[in-house]
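Spelled out from the first residue to the last, the chains are:
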Amino acid sequence: MDNLVFKTDKNEIDRLFAFSNMRIRDYTLDFVRYLEVDEEDRFIAIRGARGCGKTTFLHQLIKKNYTLDGSVIYINLDDVYFSNHRLIDFVEDFVLLGGKYLFLDEVHKYPTWSLELKTIYDTYSKLKIVFTSSSILEVYKGEADLSRRLVNYDMEGLSFREFLAFEKGLKIPRISLDEITKNHVDICNDITSKIKIMPAFKDYLLYGYYPYFKESKKKYHEKLVNTVKLILEVDLPASIKKIEYENIFKLRKLLIYLAMNGPYKPDITKLSAQLEISRNSTLHFLSYLSSAKTINLLKGDKNNESVYTKPEKVLLNNTNLVYALGADVNNLGAIREIFFMNQLSATNKVGHTPIGDFLVNDSFLFEIGGKRKTFDQLKDVPNSFVAADDVEIGMGNKIPLWLFGMTY
């Protein structure tokens, strides 16, 4: 081994291994996120918004499946080491030392990530590569085409179900939408016998979506504002090469406007005039904010997901952003719709409908409201339901709103 010739300083290799092992040993498996990756895949991308828990997931994935025997390493590509060293050279040395499993964090911080990862993948046929990146879609449109090689997974923030496990210690199996529509009364009876569900639900709406609420609930919304700022000022420019820095201010202005006016049926002409940009640029800006997981776009044409298709409705991505960005916290209708869209869209197809509020999986029609919400709008419509807030246990086709947080 002493006769091996390394492109990387051996002391730096030892430092990176030591840092990796220390980080992995510090993590526990007491609470593990919902995402399940196929261990048979050799090239995996885990995409998600800043703060949703991608780094923790990587560490737990290693701890659960691998032995720290020198064959596995976790690398953050934001490490200062990679400011003057190439990833491809480090990987050559890693493989030389017997490395088999490479876990990379924040690849969008490394300028030539796509070209180098393509070469690494093609050169080392027995090397498994797992990496995380920004949620912004165009991060995969790099200089090298990885689409035929790469298996993508999207990570969302905490569901209400995960929050109950993470914060309250109550572990509940995932419940499918189909099961909820058929058996919601029995399911709710079981869950509400174990916990006072409504206070827990209010807590989740206020601070439960991003796992770092555990660090400080008092400063959580302040940190969330800073997270949004980093998404707009760092992640977007790093991920979307064609975006100009002067447009970051306009994106921030657009996001605040949408927060103050949501759920919002956008007038693209009016928005374009306010931002002093073209109609197409406005639609691109909405797409950027959606990809960055700060808003959700409800499209009317289920067969046309083009960026140039005007959304029927724009909502903030999650309810925590309502409180952090200074939106109207008394607009309960908005908060309810944001929660429903956020939770269901993680594992289901949520679309616009002229009757009711949401069409899910092209099959189920939902109207969102309070506990006194009636079925007047959904009269005689098959597979239609009311998702009712402030209700612990439903009846018939009236289902408690909180229960839709159990789907992932």
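Not measured: the values here are computed from a predicted model.

Quick look at the layout of surface pockets now. By volume, the second largest pocket is sized at about 730 Å³. If you trace the second largest pocket, you find 30 residues lining it, with Y27, G53, T55, T56 and P211 closest to the centre. Listed by contribution, the elements that provide at least two residues to the lining of the second largest pocket are α2 (54-65), β4 (128-134) and α8 (220-239). Element by element, the count of residues in the lining of the second largest pocket is highest for α2, at four residues. Grouping the constituent residues of the lining of the second largest pocket by class yields seven nonpolar, twelve polar and eleven charged.

Let's shift gears to the sheet that holds strand β5 (residues 151-155). As summarised here, the arrangement of the five strands in space is β2-β3-β4-β1-β5, forming an open sheet in which the pairing is parallel. Two strands in the sheet have a free side with no partner beyond their single neighbour: β2 (72-76) and β5. Mean inter-strand twist for the sheet, computed between neighbouring axes without regard to direction, equals 15 degrees. Seen against the sheet, helix α4 (residues 113-123) touches β1 (43-48), β3 (101-105) and β4 and runs at an angle of roughly 165 degrees to β4.

Here the focus is the packing of aromatic side chains. By convention here, two paired aromatic rings are described through the distance between centres and the angle between planes. This structure, assessed with the given rule, holds 33 aromatic pairs. Centre to centre, the rings of Y212 and Y220 are 5.6 Å apart; their planes meet at 45 degrees, and the pair counts as tilted. There is no split in this pair, since Y212 and Y220 are both buried. Through successive ring pairs, a cluster of aromatic residues spans F31, F160, F163, F166, F201, Y204, Y207, F213 and F339. Over the aromatic face of F166 sits the side chain of K214, whose NZ or CZ is 5.1 Å from the ring centroid. Above the plane of the ring of Y212 lies K223, whose end atom (NZ or CZ) is 4.8 Å from the centre.

Okay, the packing of α8 against helix α9 (residues 247-261) next. One can describe the packing of α8 onto α9 by two numbers: an axis separation of 10 Å at closest approach and a directional angle of 140 degrees. In terms of axis orientation, α8 runs oblique to α9. Between α8 and α9 the crossing geometry is right-handed. Facing V228, L232, E233, L236 and P237 of α8, the residues of α9 in contact are I248, L251, R252 and L255. Within the contact of α8 with α9, the residues separate by chemical class into seven nonpolar, no polar and two charged.

Basis of the calculations
All chains use their own residue numbering, which begins from 1 and follows the written sequence. Owing to the predicted nature of the model, reporting of local features is limited to residues with pLDDT of at least 70; listing and counting of side-chain atom pairs is limited to 80 or more, with chain, interface and lining totals taken over all residues. Each side-chain value is worked out from all heavy atoms of the structure, with water and hydrogens disregarded. Definitions used throughout: a 1 Å grid over protein atoms alone; a cavity as a set of points that fits a 1.4 Å probe which cannot get out; a pocket as an open set with protein on both sides within 12 Å along at least five of seven lines; a lining residue as one with an atom within 4 Å of a point. Grid points are joined across faces, edges and corners, and a volume is the space filled by probe spheres set on the points. A run of H or I in DSSP becomes a helix once it reaches four residues, and a run of E becomes a strand once it reaches two; helices and strands are each numbered from the N terminus. Residues were grouped as follows: Ala, Val, Leu, Ile, Met, Phe, Trp, Tyr, Cys and Pro as nonpolar; Asp, Glu, Lys and Arg as charged; and all remaining residues, including Gly, as polar. Between any two strands, pairing holds if DSSP finds at least two bridges. In this analysis an axis means a line fitted to C-alpha atoms, helices contributing only their contacting stretch, and an angle means the value between N-to-C directions, from 0 to 180 degrees. Residue contacts follow a heavy-atom distance rule, with two residues in contact if any of their heavy atoms lie within 4.5 Å. Only the six-membered ring of Trp is used, alongside the rings of Phe and Tyr, when aromatic pairs are assigned; centres must lie within 6.5 Å, and planes under 30 degrees apart are stacked while those over 60 apart are edge-to-face, with the rest tilted. When a residue's accessible area, from a 1.4 Å probe over protein chains only, is under 20% of the maximum for its type it is buried; when over 50% it is exposed; and in between it is partly exposed. Geometrically, a charge over a ring is one whose NZ (Lys) or CZ (Arg) sits within 6 Å of the ring centre while staying within 35 degrees of the ring normal. These descriptions rest on fixed angle ranges, namely under 35 degrees for roughly parallel, over 145 for roughly antiparallel, 65 to 115 for roughly perpendicular, and the rest for oblique. Crossings are sorted by hand: turned counterclockwise from the far helix by less than a right angle, the near helix makes the crossing left-handed, and turned clockwise it makes it right-handed.

Nothing here speaks to function; it is geometry throughout.
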